[in-house]
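# Examining the three-dimensional arrangement
Residue-level listing of the chains:
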Amino acid sequence: MPKSAPTATILIAGCLGALALVLQPCLSGDASFLDEPTDFRLLAGLIGFSAFLLVAGGALHLVYAPSDWRTRDAVLADVSRNWLPFVYDDQSGQYVLRAPLGMYMAPGLVGHAFGLAAGHVALWLQNSAMLGAILYVFARLGRGWRHAALMLAFSGCAALGVLIYWLLSDRTLLDHMVRYGMDSWNPYFQYSGSLVQFFWVPNHALPGWWLAALMILQARRQVDLATIGATIGAAMFWSPLAILPAVAWVALQALLSLRDSLTSRRLWALALAAPCFAPVAAYMVVGAGAIEHGVAATKPMFAVIYLVFVIAALAPAAYVLAYHEQLRPELRRPLVFSVVVLLLLPMFSFGPSNDLVMRGSIPALAILAFCFADVVLAPQSRAGRAFRAGVAIAILCLPSALYELARPTFRASYDISDCSLFEANAAMGMTGISANYVAPRSEIPNWLMDLSAAPSRASQARACWSDGGEPPADR
């Protein structure tokens, strides 16, 4: 029996317990679309639209795929090659693929059985179905498909940030923004617009948006905290950073209703199931100390750069707060919570290019996008000052999404690559070890993962892409 078999058994037990909590009816509020028949026409339309949108964002490499996909393709290739676990032989030692792999597991299994191209098709179908289902939930929670469409176009006012920062600094931003998009204008942190999230980082965006939907449902008393908590356990394997706002939300709501929390059978059941996810948490943090981290507030000129960032990135939040009387009352608490999260996140730094801010902000930004659309589309706002102001803000913030849609018109597509993670990094000119994707083999405990029979792969210098690849990020 593998040494890690008891760990796997515990994890499976936790998954079954969490699934039982999610599937058990727990509605405590008014009837909602959860009680109504599924609108299959709307759902199919949104899934089909999502499939088209993801292709436009680079899925299947029919058009140019953002540069982050050079790394994601390598991870999918490695998971497809040997599924898990996977060991890399490098000059500096042996390393184990250790990353949030939730998005890659099912497509990797398909790729392992039928080839890498089939794995990419499976990844596209999986993500299209998930994005379509998420948009369906928001459309039914909100004011129809227009609500979901406005959420997809949502972003901060990057153009305003670029203008202000350009006037305050002599830093040349043009080359950087051409490669990474308008939302990358700030040197310390980034809040990504909706299309940027789904084009560049669907592995973080999909669980982040789903948790945002659950937080709104909980605020409407249509799901409970145990449902969100159980979902967090699974979402952690997709994105340990995107779950952070949901973790804080559950803790805050439990404290605000402490007596009810202490007497909730479902929360006690969650407390029993939660420790079973400890192996996933342990897997996520092995070797994580090598990832760049710190307090961002100590960086040079932080106060000025932070102020400019808040003005540009949270302009839509200022609009929603200004017209909060148009917002449905049950959305006000999630809105305030999200704004506080978005104000606090830039104070800290974790990961290359401060991934904490980019990924940890996703649920809060999704809630803000939902509230923004709720105010703009409110019946009492139409043809009024609130509607006109909302349209103006939306137009001011639209360039970020338009740039992502336009990128394939001036960047050529490149072929799917079967390079390993280490080979892809070398082809992009990266030096050192990607601590957010791998951990030294010596740091992986036997109880967590049995590596005795794990296949290994030695890296070799290769031309991984038909366009020659891109250099690593400069920040």
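As a reminder, the structure under discussion sits directly above these lines.
The sections below set out a description of the structure shown in this document. Just so we're clear, the structure is a prediction, and the values are computed from it rather than from any experiment.

### Describing the overall build of the protein
Within the protein one finds 23 helices and 6 strands. For 475 residues, the compact-globule estimate of 2.2 N^0.38 gives 23 Å, and the protein sits close to it at 22 Å. Viewed in the frame of its principal axes, the protein has a C-alpha envelope of about 65 × 60 × 50 Å. Buried positions account for 54% of the 475 residues belonging to the protein. Relative to all contacts within the protein whose residues are 6 or more apart in sequence, the contacts with residues 24 or more apart total 82%. Accessible area for the protein stands at about 20300 Å²; split by element, carbon and sulfur atoms hold 66% of it. Each charge class in the protein can be summarised by its mean position, and for the 30 positive and 28 negative side chains these summaries are 7 Å apart.

### Looking at the pairing of strand S1 (residues 87–90)
Two elements, S1 and strand S2 (residues 93–97), share 4 bridges in a ladder whose sense is antiparallel. Counterpart to Val87 in the pairing with S2 is Val96. Two successive antiparallel strands, S1 and S2, enclose a turn made up of 2 residues.

### Notes on unusual backbone geometry
Residue His61 is not a glycine yet carries a positive backbone phi of 60°. Secondary-structure assignment places His61 in the loop between helix H2 (40–56) and helix H3 (68–82). Note on His61: relative accessible area 8%, which makes it buried. At Arg221, a residue that is not glycine, the phi angle is positive and equals roughly 60°. In this structure, Arg221 sits in the loop between helix H10 (202–219) and helix H11 (225–235).

### Some points on the environment of Ala251
Residue position: Ala251 is located in helix H12 (residues 244–256). Counting along the chain gives 22 residues from Ala251 to Gly229, while the straight-line C-alpha distance between them is 9.6 Å.

### Concerning the pattern of salt bridges
A complete count under the given rule lists 11 salt bridges for this structure. A salt bridge links Asp374 to Arg328; its shortest N-O distance comes to 2.5 Å. With Asp374 in helix H20 (residues 362–376) and Arg328 in the loop between helix H17 (315–322) and helix H18 (332–344), this residue pair connects regions lying 46 residues apart in the sequence. Residue Arg462 is joined to Asp418 by a salt bridge in which the shortest nitrogen-to-oxygen separation is 2.7 Å. Of this pair, Arg462 sits in the segment after strand S6 (456–458) while Asp418 sits in the loop between helix H22 (399–406) and helix H23 (421–427), placing them 44 residues apart in sequence. Arg462 sits in the partly exposed class, given a relative accessible area of 28%. On the basis of relative accessible area, Asp418 is assigned to the partly exposed category, the value being 38%. Three or more residues are tied together by salt bridges with common partners; here these are Asp418, Glu423, Arg457 and Arg462.

### Let's talk about H18
Taking 1.5 Å as the rise per residue, H18 with 13 residues should run 18 Å; its terminal C-alpha atoms sit 19 Å apart, in good agreement. Of the positions making up H18, those classed as buried are Pro334, Leu335, Phe337, Ser338, Val339, Val341 and Leu342. Against H10, H12, H17 and H20 lie the buried residues of H18.

### As for helix H6 (residues 145–152)
The complete set of buried residues in H6 reads His147, Ala148, Met151 and Leu152. Along the axis of H6, the buried residues cluster in a sector spanning 135°; they form a single face. Structural note: H6 exposes Trp145 and Arg146 on the side pointing more than 90 degrees away from its buried face.

### Points about the sheet that holds S2
In any sheet, the strands associate via hydrogen bonds between backbone groups, in a parallel or an antiparallel arrangement. Sheet architecture is open: 4 strands sit in the order S5-S2-S1-S6, paired in mixed fashion. The open sheet has two edge strands with one neighbour each: strand S5 (438–440) and S6. Taken over all neighbouring pairs, the strand axes of this sheet differ in orientation by 35° on average, direction set aside. For S2 and S5, the ladder comprises 3 bridges, and the chain directions are antiparallel. When the sheet's bridge partners are listed, Tyr95 is paired in S5 with Pro440.

What counts, and at which threshold
- Once a new chain begins, its residue numbering starts again from 1 and follows that chain's sequence as written.
- In keeping with the model being predicted, local features are shown solely for residues with a pLDDT of at least 70 and side-chain atom pairs are shown and tallied solely at 80 or more, while totals for entire chains, interfaces and linings include all residues.
- Here the side-chain values reflect all heavy atoms present in the structure, with hydrogen atoms and water set aside.
- In this text, helices come from DSSP runs of H or I with a minimum length of four residues, and strands from runs of E with a minimum of two, each type numbered from the N-terminal end.
- The atom set for the radius of gyration is the C-alpha atoms, and the globule formula is 2.2 Å times the number of residues raised to the power 0.38.
- Under the scheme applied here, a residue whose accessible area is under 20% of the maximum for its type counts as buried, over 50% as exposed, and between as partly exposed, the area being computed with a 1.4 Å probe on protein chains only.
- Two residues form a contact once any of their heavy atoms are found within 4.5 Å.
- Note on areas: Shrake-Rupley, 1.4 Å probe, and residue coverage restricted to the protein chains presented here.
- We score Asp and Glu as negative and Lys and Arg as positive, and we do not count His or the chain ends.
- Taken as the charge centre is NZ of Lys, CZ of Arg, CG of Asp or CD of Glu, depending on the residue.
- In this scheme, strands are said to pair when DSSP sees at least two bridges between them.
- Throughout this description, the term salt bridge denotes a Lys or Arg side-chain nitrogen within 4 Å of a carboxyl oxygen of Asp or Glu.
- Expected helix span is taken as 1.5 Å per residue step, with the number of steps being one fewer than the number of residues.
- As used here, the arc is the angular range of directions from the helix axis to the C-beta atoms.
- Axis definition: a line fit to C-alpha positions, over the contact stretch in the case of helices; interaxial angles, taken between N-to-C directions, run 0 to 180 degrees.

Such coordinate-based values are descriptive only and should not be taken to indicate function.
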